Amino acid sequence: MRSTATDSPRRFTMLTLVLYWTSILSGLTIPWIATIAVDVAKHDQSLAGAVRQLSLHLFAPGYNLFIIALINAIPFLMFAVFLLFHLGLSPLDDHHLRRRRSAGVLLTVIGLIGFSLWTHVTTLWQADAQAALAYLFLPFLLLVLMPICYAFGRALSALAFR
Amino acid sequence: MTFRQISFNLGALGLLLALLGLVYWQHTGARAVPGLIDALQTGDLQTQMLAAQGLRHIGQPAQPAVPALIELAIGQGRSSIQIEAAGALPPIDLSAARKVMVNWLPKLQDPDPQVRRDAAAALGALGPVAKPAVHSLLGIATDPNTIVRDRVVRALAAIALPPELVTRGLTQALQDPEWTVRYAAISPFSFGGVLTPESLAAVRPLIHDPIEMVARLAQSALASADHPIPVSVHIFSLDQGSDRTLPLLQLAKLGPRAAEAVPKLASLLSAERPLERYLAASTLESVGPGALQAVPALQRTLADPDPIVREAAAEALHSIEARRP
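Notes on the structure follow.

Criteria and cut-off values
Residues numbered from 1 in each chain as written. Chains lettered and ligands numbered in written order. Predicted model: local features only at pLDDT ≥ 70, side-chain atom pairs only at ≥ 80, totals over all residues. Heavy atoms only, no water. Helix = DSSP H or I, 4+ residues; strand = E, 2+ residues; numbered from the N terminus. Buried < 20%, exposed > 50% of the residue type's maximum accessible area, 1.4 Å probe, protein only. Axes fitted to C-alpha atoms, helices over the stretch in contact; angles between N-to-C directions. Left-handed = near helix turned anticlockwise from the far one by under 90°. Contact = heavy atoms within 4.5 Å. Nonpolar A, V, L, I, M, F, W, Y, C, P; charged D, E, K, R; others polar. Buried area = accessible area lost by both parts, 1.4 Å probe. Salt bridge = Lys/Arg side-chain N within 4 Å of Asp/Glu carboxyl O. Polar contact = N/O pair within 3.5 Å; in protein donor to acceptor, adjacent residues only side chain to side chain. Expected span 1.5 Å × (residues − 1). Lys, Arg positive; Asp, Glu negative; His and termini not counted. Parallel < 35°, antiparallel > 145°, perpendicular 65-115°, else oblique.

## Looking at the overall build of chain A
Check the secondary structure of chain A and you find five helices and zero strands. Shown N-terminal to C-terminal, the secondary structure of chain A runs as helices and strands in the order α-α-α-α-α. In terms of its C-alpha atoms, chain A occupies a principal-axis envelope of roughly 55 × 30 × 25 Å. The buried share of chain A, taken over its 162 residues, is 43%.

Next up, the structure:
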């Protein structure tokens, strides 16, 4: 049988921490990354120009990109805390359980990042007066997405490591 | 993982959140003012415009930014930053906004139409605080330059006070040969505006205006006239929103019909923000004798720390007394 990151306790701890901090930092930075990406791709700005635009609008009334990042990060932070306990307290002697949990958590992190990034990019790409509502609804949609992605990841893992 | 490792990572997350909170705290409210003043002095138009918007949002605590804002509002820079800086002043300092008004007023008579246009736009940006400029704006309402007339109409709509004079100016502009001016004149009537019998007569033919946008707004204005927003809704808005400017102006436009709101308006004479106190007094002025019960509150407002609020209170008292039967 192949050795995976979940087999060695040290590597498993590393995987847990990587997923934990990836979830936190991606939750905070996805709106900013999307803003820069749309400025560069759609508005033909240089990367430096897009970064400057981002910094100008972080606290500007009507833009509040800092607050948008914090709102976006809420479900990511919640999931990060969950995964820290869920993977961190997994029984060391049960490889199958650790694999299934890791797969569930990994797929959830990927799902959250993908859905959040897609929402932010499409909202900025087709911006209109109501587009900002997406930022308010997104955290709730991500909360709904979490158990679905997790269940899907565990099911995949169960099939793969049967 | 050990509990120690978990606790360490949770603690690091807590630290990160505290750091983010600190960054947010530093960049909002009065703490942001020094940075925004620096931004006003960068010379970069976008940075200056965003800084002016930020200062306007902060309001009174942005008092240290007033000299820099006045400089931009009356300076030789681009019209857009003059407008943005002028628009930032009323929520911060009413007297400073009046200084800007006094500076721009003579320029309405300038031989250069671009200067007249910029003057009208800057006065409009000051909003209701530029009430004393309405007579001068009406004086150039038939300016030969289309853009000047357009800016004058937009300025009148933004100033909104005194309602009778402004409505007269807007009604006159409804018959302008240039459609952009008619469009600017009909817009305030279609979005919660109050139609007098004269303005109603001027709006009716516009539903057949060759420009569809104008015709649609005329239909909307007539529909608004058929179903006016009740005074109670405006009173409710005063209690709900953080920005009371719009409901106060709506009540002012109603004139004597806003008498139901007098107790609420009297209580707003002691509001924290000078702009709200000024608007409450100006609205009582437009209500006239129906605002009799607000007289004691208005008399107390004659000792308001802000001279512009004191002036508005005196005008309101005069209006209540002078128009009494």
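That was the structure; now back to the text.
## Thoughts on the packing of helix 2 (residues 33-40) of chain B against helix 3 (residues 45-58) of chain B
All names here are of chain B. Running from N to C, helix 2 and helix 3 point in directions that differ by 145 degrees, and their axes come no closer than 8 Å. Viewed along their axes, helix 2 and helix 3 form a crossing whose handedness is left-handed. Contacts between helix 2 and helix 3 involve V33, L36, A39 and L40 from the first element and T47, Q48, A51, A52, G54, L55 and I58 from the second. Counted by class, the contact of helix 2 with helix 3 contains eight nonpolar, three polar and no charged residues.

## As for the environment of B:P132
In this fold, B:P132 is placed in the loop between helix 7 (113-126) and helix 8 (134-139). Leaving out residues up to four positions away in the same chain, B:P132 has contacts with B:R98 and B:M101.

## Quick word on the interface of chain B and chain A
Contact with chain B, which involves 21 residues of that partner, is made by 24 residues of chain A. Across the interface of chain B and chain A, roughly 2,100 Å² is buried in total on both sides, 78% from carbon and sulfur atoms. Here chain B is connected to chain A by one salt bridge. A salt bridge links A:R52 to B:D44; the nearest nitrogen and oxygen atoms lie 2.7 Å apart. Inspection of the region where chain B meets chain A yields six residue pairs in polar contact (both at pLDDT 80 or more). Mapped by element, the contributors of at least two residues to the side of chain B that touches chain A are helix 1 (3-26) and helix 3 of chain B. Here the side of chain B that touches chain A gets 12 residues from one element, more than from any other, and that element is helix 1 of chain B.

## Comments concerning helix 17 (residues 274-287) of chain B
Residues and elements named next belong to chain B. Under the 1.5 Å per step criterion, the end-to-end length of helix 17 is 20 Å for 14 residues, consistent within 8% with the ideal 20 Å. The buried fraction of helix 17 amounts to 14 of the 14 residues, a majority that puts the element mostly inside the structure. Taken from the residues just after helix 17, G288 is the one with a positive phi, measuring 75 degrees.

## Structural notes on the side chain of B:D306
Residue and element names in this part refer to chain B. Considering the arrangement of structural elements, one finds D306 in the loop between helix 18 (295-301) and helix 19 (307-322). R277 provides the closest opposite charge to the buried, salt-bridge-free D306, at an N-O distance of 5.2 Å. When residues no more than four places from it in sequence are discounted, the contact partners of D306 are L94, S95, P274 and R277.

## Section: the packing of helix 14 (residues 231-240) of chain B against helix 15 (residues 245-254) of chain B
All names here are of chain B. Between helix 14 and helix 15, the shortest axis-to-axis distance is 9 Å and the interhelical angle comes to 155 degrees. Judged by the inter-axis angle, helix 14 sits roughly antiparallel to helix 15. Here the hand of the crossing between helix 14 and helix 15 comes out left-handed. Facing V231, H234, S237 and L238 of helix 14, the residues of helix 15 in contact are P247, L248, Q250, L251 and L254. Within the contact of helix 14 with helix 15, the residues separate by chemical class into six nonpolar, three polar and no charged.

## So, helix 9 (residues 146-159) of chain B
Residue and element names in this part refer to chain B. In this model helix 9 runs 20 Å from its N-terminal to its C-terminal C-alpha over 14 residues, within 8% of the 20 Å that 1.5 Å per residue would give. Contacts from the buried residues of helix 9 go to helix 7, helix 8, helix 10 (163-173), helix 11 (179-190) and helix 15. The N-cap of helix 9, judged by a side-chain oxygen 2.9 Å from the amide nitrogen of I147 a few residues on, is N145. Directly beyond the C-terminal end of helix 9, a positive phi value near 65 degrees is found at A160.

## Observations concerning the pattern of salt bridges
Residues and elements named next belong to chain B. Following the criterion strictly, the structure yields 15 salt bridges over all chains and no others. Here R149 ties to D176 by a salt bridge, and the two come within 2.6 Å at their closest N and O atoms. Taken together, the residues span a long stretch of sequence, with R149 in helix 9 and D176 in the loop between helix 10 and helix 11 at a distance of 27 residues. For R149, a relative accessible area of 9% puts it in the buried group.

Remember, this is a structural readout, not a statement about activity or role.
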